[in-house]
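Structure assessment
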Amino acid sequence: MFRVPETHPRYKSLMKREKLVAGIEAGITSKQGLIAHGRGEAFDYLIGERTLSAAMKATEAAAALLLTAKKPVISVNGNVAALVPEKVIELSELLDAPLEVNIFYWTEERVRKIKEHLERHGAAHVLGDKADARIPGIEHARARVDREGIYSADVVLVPLEDGDRCEALIKMGKKVIAIDLNPLSRTSKYATVSIVDDLERAMANLISVIKEKKKGNGKGLLVEDFDNKENLEAVIKEMVKRLEEEELGEL
Ligand code: PTJ
């Protein structure tokens, strides 16, 4: 891995790139994953690389949804496995929810490598290699799911998603929680709860909100009180405000 000095002003951001490059070299992340990440970075600039209050509200709603789910499942793709393996495992343990490898650029080998990567990090329950069921209405490989996992789940967490599957999961009657920096993506629009935030920040917040809720603390926000469209509009307003206020200063 390229050594990025911790004093570099963009250390955190550069380290994420390094993790994804390492993910590609390990056969975990798709090359297209780099392009997707670049798009995410651009949106992260627009929100000032921080968690917006709207994203925090969505995180509260997501935590409530996950804690009241009968059968929650966490979907893992090549970017998620490279960027936040420890965090998805911690969340899976907190919720007693399985992880399921589900990738768009499908190869049997990559599914296996992601599963092994998660297990090396301590994951006990990783689905996705059986893929004995299909999500109706999807032509591509993301339709391949485990009958005991995403197929029969009532709530699915889908960090970094393509819109097709999100729409199809909603059509199956499931609740979908998305983590996607693009508030205009089809995923963000279709999901029950969209957390418009960087994957690492969103996962860290989600874990800490769930821990607090489990202790009986927290805001007690009900999912019924959460309006995803309204929340996305708040994010877009925040982006516009930031752009209007941005001063370039002396170069
Ligand atoms: O591993 P695979 O084969 O399943 O492929 C994964 C990718 C991400 C390549 C695939 O799902 C894909 O092509 O996704 P899209 O359609 O490009 O959508 C990815 C979305 O995630 C975009 O809207 C990005 O803005 C967003 N995104 C990228 N990086 C981050 C992010 N959102 C939050 N945090 C990030 N770090």
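Described below are features of the structure shown in this document. Fair warning: this is a prediction, and the values are worked out from it, not measured in the lab.

1. Topic: a nonpolar patch on the surface
Together, Val21, Leu34 and Ile35 make up a nonpolar patch on the protein surface, roughly 260 Å² of accessible area in all. Structurally, Val21 is set in helix α1 (residues 11–25). On the basis of relative accessibility, which here comes to 33%, the residue Val21 falls in the partly exposed class.

2. Considerations on the packing of helix α3 (residues 53–68) against helix α9 (residues 199–214)
Packed helices, taken two at a time, are described by their axes: the angle between them and the distance between them. With their axes 9 Å apart at the nearest point, α3 and α9 run at an angle of 55 degrees to one another. On the basis of the axis angle, α3 is oblique to α9. Crossing hand, α3 versus α9: right-handed. Residue-level contacts link Met56, Thr59, Glu60, Ala62, Ala63, Ala64, Leu66 and Leu67 of α3 to Asn205, Leu206, Val209, Ile210, Lys213 and Lys214 of α9.

3. Here's the deal with unusual backbone geometry
The phi dihedral of Glu49 falls on the positive side, at around 50 degrees, and the residue is not glycine. Looking at the element boundaries, Glu49 is found in the loop between α2 (32–46) and α3. Classification of Glu49 as partly exposed rests on a relative accessible area of 35%. We note that Ala131 has phi near 45 degrees; this positive angle belongs to a residue other than glycine. Here Ala131 lies in the loop between β3 (126–127) and β4 (133–134).

The rules behind the values
Residues numbered from 1 in each chain as written. Predicted model: local features only at pLDDT ≥ 70, side-chain atom pairs only at ≥ 80, totals over all residues. Heavy atoms only, no water. Patch = residues over 30% accessible without salt bridge, like charges linked within 9 Å, V, L, I, M, F, W, Y side chains within 5 Å. Areas by Shrake-Rupley, 256 points an atom, 1.4 Å probe, with all protein chains shown as cover. Salt bridge = Lys/Arg side-chain N within 4 Å of Asp/Glu carboxyl O. Helix = DSSP H or I, 4+ residues; strand = E, 2+ residues; numbered from the N terminus. Buried < 20%, exposed > 50% of the residue type's maximum accessible area, 1.4 Å probe, protein only. Axes fitted to C-alpha atoms, helices over the stretch in contact; angles between N-to-C directions. Parallel < 35°, antiparallel > 145°, perpendicular 65-115°, else oblique. Left-handed = near helix turned anticlockwise from the far one by under 90°. Contact = heavy atoms within 4.5 Å.

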